[in-house]
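# Structural features, examined
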Amino acid sequence: PLMRFRSTLHGPLKKRGECFSEIISVPDLRQKWDTTNAIFDTIFSAASLDEVRKHQGNKYGEPSVFGIGYVKTKPSFVVSPREQLTLFGLQNFPSGASIIWGMELEEDQNYLFPEDQ
């Protein structure tokens, strides 16, 4: 499912998107509001954001984060635990706007799962 959220954030003009993305992507900060995750980690990060820039061009903003995340949820009385790989990124624009995006990877990328899980 596609979920789109739009908000106006107040704070340092150049860092709003990065500050907000940390609430979602930094494990200690995420655990404060989302207790359903047993494991939450970035398992691969882009070695060079210059390579990302080269492939996407400048139409989609300046990439500041790009990688693959791994999440394993805790079991609950309603749902079974689940593992998920997500390709994610943060794009910043000269206006101060940012886009935080992510998509779940398909089964043919399962070889990226951490070996110890």
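Because the structure is a prediction, the values reported are computed rather than measured.

We now examine the pattern of salt bridges. Under the criterion given, the structure shown has four salt bridges. Across the salt bridge formed by E51 and K54, the nearest N and O atoms sit 3.4 Å from each other. With E51 and K54 both in helix 3 (residues 49-56) and three residues apart, the pair spans about one turn of that helix. Overall, E51 belongs to the partly exposed group, its relative accessible area being 40%. Judged by relative accessible area, K54 falls into the exposed class, the value being 57%. Among the ionic pairs, R53 bridges to E62, the shortest N-O distance being 2.4 Å. Assessed through its relative accessible area of 27%, R53 is described here as partly exposed. Taken together, the shared-partner salt bridges in this structure form one network comprising D50, R53 and E62.

Turning next to the nonpolar core. Nonpolar side chains tend to gather and get buried jointly when the protein is soluble and globular. Residues I68, Y70, L85, L87, L105 and L112 constitute the largest nonpolar core, which totals six residues. Breaking this core down by element, the ones donating at least two residues are strand 2 (62-73) and strand 3 (83-92). Discounting residues that sit within four places of it in the chain, L105 has contacts with I68, L85, T86, L87 and L112.

With that settled, consider the sheet that holds strand 4 (residues 98-104). On the basis of which strands lie adjacent, the open sheet formed by four strands has the order 1-2-3-4 and antiparallel pairing. With one partner strand each, in any of the chains shown, strand 1 (37-45) and strand 4 form the two edges of the open sheet. Strand-to-strand twist across the sheet, computed as the mean angle between neighbouring axes with direction ignored, equals 25°. Bridging between strand 1 and strand 2 involves seven bridges; their strand directions are antiparallel. Each bridged residue has a counterpart across the sheet, and for F44 the counterpart in strand 2 is I68. Across the sheet, helix 3 touches strand 2 and strand 3, and the angle it forms with strand 2 is around 105°.

Predicted confidence across the protein chain gives a mean pLDDT of 80, with 85% of residues reaching 70 or more. At the low end of the mean pLDDT range in the protein chain sits helix 1 (residues 16-25), at 75; at the high end sits helix 3, at 89.

What follows deals with helix 3. Its side-chain oxygen placed 3.2 Å from the backbone nitrogen of D50, S48 serves as the N-cap of helix 3. Backbone geometry just after helix 3 places G57 at a positive phi near 75°.

Residue placement: N92 occurs in strand 3. Among the polar contacts listed, one links the side chain of N92 to the side chain of S64, at a separation of 3.1 Å.

With that settled, consider the packing of aromatic side chains. Applying the stated criterion across every chain yields a total of one aromatic pair. Judged by centre distance (5.9 Å) and plane angle (55°), the ring pair of F66 and W101 falls under tilted. Taken together, the positions of F66 in strand 2 and W101 in strand 4 put the pair 35 residues apart, joining distant regions of the chain. Accessibility expressed as a relative area gives 27% for W101, which makes it partly exposed.

Rules and cut-offs
- The numbering scheme is per chain: residues are counted from 1 as the chain's sequence reads.
- For a predicted model such as this one, the threshold for reporting local features is a pLDDT of at least 70, and the threshold for listing and counting side-chain atom pairs is 80 or more; totals across whole chains, interfaces and linings nevertheless cover every residue.
- Only hydrogens and water are set aside when side-chain values are computed; all heavy atoms of the structure are taken into account.
- Salt-bridge detection follows one rule: a side-chain nitrogen of Lys or Arg within 4 Å of a carboxyl oxygen of Asp or Glu.
- A run of H or I in DSSP counts as a helix once it spans at least four residues, and a run of E counts as a strand once it spans at least two, with each numbered from the N terminus.
- Residue burial is assigned from relative accessible area. The probe radius is 1.4 Å, only protein chains are included, and a residue is buried under 20% of its type maximum, exposed over 50%, and partly exposed in between.
- In these notes, a set of buried Ala, Val, Leu, Ile, Met, Phe, Trp, Tyr and Cys residues joined through side-chain atoms within 4.5 Å is what counts as a nonpolar core.
- Here a residue-residue contact requires only that any non-hydrogen atoms of the pair lie within 4.5 Å.
- DSSP-based pairing: two strands are paired if at least 2 bridges between them are found.
- Inter-axis angles, ranging from 0 to 180 degrees, are taken between N-to-C directions of lines fitted to C-alpha atoms, where helices are fitted over the stretch in contact.
- The predictor rates its confidence in each residue with pLDDT, a number between 0 and 100.
- Residues adjacent in sequence count toward polar contacts only when both atoms are side-chain atoms; beyond that, a polar contact is any pair of N or O atoms within 3.5 Å, and within protein one must be able to donate a hydrogen and the other to accept it.
- Pairing of aromatic side chains here covers Phe, Tyr and the six-membered ring of Trp, requires ring centres within 6.5 Å, and sorts the geometry by plane angle: under 30 degrees stacked, over 60 edge-to-face, intermediate tilted.

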